[in-house]
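This is what each chain is made of:
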Amino acid sequence: MATAGEVLNAFDNIRRAQHAGVYAPHKPLLILLALGRVQRGEPRMVEFSEVDAPLRALLGEFGPSSAAKSRHYPFWHLATDGRGALWDLNGPKDVLTRPAGATPSLGELRRRHIAGGFATDIDAALRQTPGLLQDVARRVLDAYFPATLHADIAAAVGLDLEQPPQAADSAGADARYADAPVRRRDPSFRERVLRAYEYRCCVCGFDLRIGHAPAGLEAAHIQWHQFGGPDIEPNGLSLCALHHKLFDLGVFTIEPSEYRVTFSQHAISGGRGMSGELQYHGRAIHAPQRSELLPASEYLLWNASGPFKRPARPVARAKPRAKR
Ligand SMILES: [Zn+2]
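Worth saying up front: this structure is predicted, and the values here are computed from it rather than measured.

Undergrad: Help me understand the packing of helix H9 (residues 147-156) against helix H13 (residues 241-248), please; the structure alone is not making it clear to me.
TA: The description of two packed helices rests on the angle between their axes and on the distance between the axes. The interhelical angle for the contact between H9 and H13, taken along N-to-C directions, is 70 degrees, at an axis separation of 9 Å. The angle between H9 and H13 falls in the class roughly perpendicular. Taking contact as the criterion, the partners of Thr-148, Leu-149 and Asp-152 in H9 are, on H13, His-244, Lys-245 and Asp-248.

Undergrad: Sorry if this is basic, but what is going on with the sheet that holds strand S2 (residues 87-90) here?
TA: Paired through their backbone hydrogen bonds, the strands of a sheet run either parallel or antiparallel. Strands sit in the order S1-S3-S2 across an open sheet of three strands; the sheet is antiparallel. Two strands lie at the open edges of the sheet, namely strand S1 (46-47) and S2, each paired on one side alone. On the sheet, helix H2 (residues 26-39) packs against S1, S2 and strand S3 (115-118) and is oriented at approximately 80 degrees with respect to S3.

Undergrad: Help me understand the coordination of the zinc ion in this model?
TA: Octahedral metal centres with six donors ideally show angles of 90 or 180 degrees, and tetrahedral centres with four donors ideally show 109.5 degrees. At the metal site, the zinc ion is ligated by Cys-201 (SG), Cys-204 (SG), Cys-240 (SG) and His-243 (ND1), and these contacts range over 2.0 to 2.4 Å. Geometry at the zinc ion is tetrahedral, judged from its four donor atoms and the angles of 96 to 118 degrees they form at the metal. Coordination of the zinc ion draws on donor residues from a single chain, spaced C-x2-C-x35-C-x2-H in sequence. Here Cys-240 lies in strand S7 (residues 236-240) and Cys-204 lies in the loop between helix H12 (189-196) and strand S4 (209-210), a separation of 36 residues in the sequence. For Cys-204, a relative accessible area of 25% corresponds to the partly exposed category.

Undergrad: What is the right way to read the nonpolar core from this model?
TA: One broad rule of soluble globular proteins: the nonpolar side chains tend to lie buried together. One finds Leu-32, Leu-35, Leu-86, Phe-118 and Leu-126 to be the most contacted residues of the largest nonpolar core, which totals 88 residues. With residues near it in sequence (within four places) discarded, Leu-32 still touches Ala-137, Val-140, Leu-141, Phe-145, Ile-153, Val-157 and Leu-159.

Undergrad: Would you explain helix H14 (residues 297-305) in this entry?
TA: For an α-helix, the turn length of 3.6 residues means that residues three or four places apart are oriented alike. Within H14, burial applies to Tyr-299, Leu-300, Trp-302 and Asn-303. Angularly, the buried residues of H14 cover 155 degrees about the axis, an arc narrow enough to put them on a single face. For H14, the exposed residues lying more than 90 degrees away from the buried face are Glu-298 and Ser-305.

Cut-offs and rules
Residues numbered from 1 in each chain as written. Predicted model: local features only at pLDDT ≥ 70, side-chain atom pairs only at ≥ 80, totals over all residues. Heavy atoms only, no water. Axes fitted to C-alpha atoms, helices over the stretch in contact; angles between N-to-C directions. Helix = DSSP H or I, 4+ residues; strand = E, 2+ residues; numbered from the N terminus. Parallel < 35°, antiparallel > 145°, perpendicular 65-115°, else oblique. Contact = heavy atoms within 4.5 Å. Pairing = 2+ DSSP bridges. Donors = N, O, S within 2.8 Å, 3.2 Å for Na, K, Ca; no water. Tetrahedral: all angles 85-135°; square planar, octahedral: opposite > 155°, others 65-115°. Buried < 20%, exposed > 50% of the residue type's maximum accessible area, 1.4 Å probe, protein only. Core = buried A, V, L, I, M, F, W, Y, C linked by side-chain atoms within 4.5 Å. Arc of directions from axis to C-beta.

As structure tokens, this is what we get:
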């Protein structure tokens, strides 16, 4: 059985293998899905056909456009990733002995009954070391997704992130985090971004306060912190909790020439229609008080080609914003 440190290392090696800055959540979502299975006591190996539908749904909700088409890649490539220590494949020899780059098609993985799962020693450690599975899941979530999405993703893969009491008590839990390569967040980011936008949501104008403190207002990273987005105002937007969530889910983005809110064609609003969320489509954001604090194109372009669920709805002539 692997030690906790070896298990965390194996998963960290996967994270380091990602291309810097490119939003491709395939591997982390497969890993989280597999962790959920282990937590529920399901068998170590699972056939691709069994996880195909859940992977498609996860990538449809939390991935960028068309991500679901390549949902089978990590199932195959994880086996050679992380020095091969993390993921096993079972199936007919003629398929398994192919070069790593010769990914079988979706249909082949299903027809040839290819199964995958965590390597035996990793699987045993995850099942037997109290709190380790939750540690791994939280580190994967922290490394790839903004906090607004953690609970939703955990729920979607059926993961319980609560630490069992015996693990929270043990001194070993903290020691395992000591060498974690975590990028620090600048604690002043939130305040600087909210102030730049005069403490209101730049999409809908929401500006509720409790006394002097803003309530339900958040500073969003345009290029996610997890993908190298810096803690500076041109990478920030002041958003209400709802618009922060919708932004991180890729429901809308901000186009960089006139800073107009641009909704995805996948975003459908039923009963509320144009009088609801979609009323903001095509409208310019409430601009920050100083023009040098406006969102920078490089971060907006990352967002539009990353989490945003393309294609965008066409934008008609800009509607003037009502004066505040
Ligand atoms: Zn809002």
